[in-house]
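Single-letter residue listing:
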Amino acid sequence: LYRLARERWVERLFGVDASVRSLEIAARRLKLHQAGGPSEERLKLLHGSLGYRDARWEGVDAAALVEVIEHLEPDRLPALENVVFGAARPATVAVTTPNAEYNVLFPNLASGAFRHPDHRFEWTRAEFRAWADRVGAARGYTVEHSDIGAVDEALGAPTQMAVFTRVAS
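Residues numbered from 1 in each chain as written. Predicted model: local features only at pLDDT ≥ 70, side-chain atom pairs only at ≥ 80, totals over all residues. Heavy atoms only, no water.

Asks: Which parts of the structure should I look at to understand the packing of helix H3 (residues 77-88) against helix H4 (residues 125-139)?
Replies: Packed helix pairs are characterised by how far apart their axes lie and by the angle those axes make with each other. Remark: H3 packs on H4, axes separated minimally by 11 Å, with the N-to-C direction vectors making an angle of 45°. Between H3 and H4, the angle is such that the two are oblique. Note that H3 runs across H4; the crossing there is right-handed. Contacts between H3 and H4 pair Leu77, Leu80, Glu81, Asn82, Phe85 and Gly86 from the former with Trp131, Arg134, Val135 and Arg139 from the latter. Classifying every residue of the contact of H3 with H4 by side-chain character gives 5 nonpolar, 2 polar and 3 charged. (Axes fitted to C-alpha atoms, helices over the stretch in contact; angles between N-to-C directions. Helix = DSSP H or I, 4+ residues; strand = E, 2+ residues; numbered from the N terminus. Parallel < 35°, antiparallel > 145°, perpendicular 65-115°, else oblique. Left-handed = near helix turned anticlockwise from the far one by under 90°. Contact = heavy atoms within 4.5 Å. Nonpolar A, V, L, I, M, F, W, Y, C, P; charged D, E, K, R; others polar.)

As structure tokens, this is what we get:
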């Protein structure tokens, strides 16, 4: 949001988070309600969850779920799919998540441990690709997969991304 708020071509931005504390931190960093900061008409921070339908941000052109899905219990993913790809249905959705295979390259990360204590799961490249391709096919999106970060020949990149593009209906 910080970077997008500085782009003149971006008309409106929404940040959604279940954590009030995270929203307060974001408001300070973005200088909301301060001189020189973005207007409330242009940038809104919303207390909410991607697991519950929220008309306040339905109909957006694009959504970015940056390191979000791994913080949900796996049984909550269908709710997220319904909200993001069903109700809101943006033209473009970018989803990033850690690549679990890469974790062995972090010297301070115990074997089998997740990168963050709040992560509920971390997917391999094959698991993420299967999820993204299934969601895309079921919801009318094409999916492009990309690596983010330095790519290890055997283990891939530290972060993986799927960009969903809605098929014209």
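Asks: It is not clear to me how unusual backbone geometry should be interpreted in this structure. Could you clarify?
Replies: One can expect most non-glycine residues to show negative phi and most peptide bonds to be in trans. Here the phi dihedral of Lys31 falls at roughly 60°; this positive angle occurs in a residue that is not glycine. Along the chain, Lys31 falls in the loop between helix H2 (20-30) and strand E2 (43-47). The backbone of His33 shows a phi angle near 65°, a positive value even though the residue is not glycine.

Asks: Help me understand H2, please; the structure alone is not making it clear to me.
Replies: For an α-helix, 3.6 residues make a turn, and residues three or four places apart therefore share a direction. All of the buried residues along H2 are Leu23, Ala27 and Leu30. One face of H2 carries all of its buried residues, which in axial projection span an arc of 75°. When the buried face of H2 is taken as reference, the exposed residues oriented beyond 90 degrees from it are Arg21, Arg28 and Arg29. Its buried side turned inward, H2 meets helix H1 (2-5), strand E1 (13-17) and E2. Following H2 by one or two positions, Lys31 adopts a phi angle in the positive range, close to 60°. (Buried < 20%, exposed > 50% of the residue type's maximum accessible area, 1.4 Å probe, protein only. Arc of directions from axis to C-beta.)

Asks: Looking at this structure, how should I read the environment of Glu81?
Replies: Mapped onto the secondary structure, Glu81 falls in helix H3. Taking C-alpha positions, Glu81 is 8.0 Å from Gly51, a pair spaced 30 residues apart along the chain. Those residues in contact with Glu81 that sit more than four places away from it in its chain are Gly86, Trp131, Arg134, Val135 and Arg139. Among the polar contacts listed, one links the side chain of Glu81 to the side chain of Trp131, at a separation of 2.8 Å. Side-chain polar atoms of Glu81 contact the side chain of Arg134, separated by 2.9 Å. (Polar contact = N/O pair within 3.5 Å; in protein donor to acceptor, adjacent residues only side chain to side chain.)

Asks: Please explain the packing of aromatic side chains as it appears in this structure.
Replies: The relative placement of two aromatic rings is captured by the distance of their centres and the angle of their planes. All chains considered together, the criterion is met by 9 aromatic pairs. Here Trp123 and Trp131 contribute two aromatic rings whose centre-to-centre distance is 5.5 Å and whose plane-to-plane angle is 40°, an arrangement assigned as tilted. Given the relative accessible area of 6%, Trp131 is considered buried. Relative to Trp131, the ring of Phe128 lies with its centre 6.1 Å away and its plane at 20°, an arrangement referred to as stacked. Here Phe128 pairs with Trp131, and both are found in helix H4, just 3 residues apart, close to one helical turn. Of the two residues examined, Phe128 and Trp131, each falls in the buried class. Clustering of aromatic rings is evident, with ring pairs tying together Phe85, Phe121, Trp123, Phe128, Trp131, Tyr141 and Phe164. For the cation-ring pair, Arg6 lies above Tyr2, with the distance from its terminal atom to the ring centre recorded as 3.8 Å. (Phe/Tyr/Trp six-rings, centres within 6.5 Å; stacked < 30°, edge-to-face > 60°. Lys NZ or Arg CZ within 6 Å of the ring centre and 35° of its normal.)

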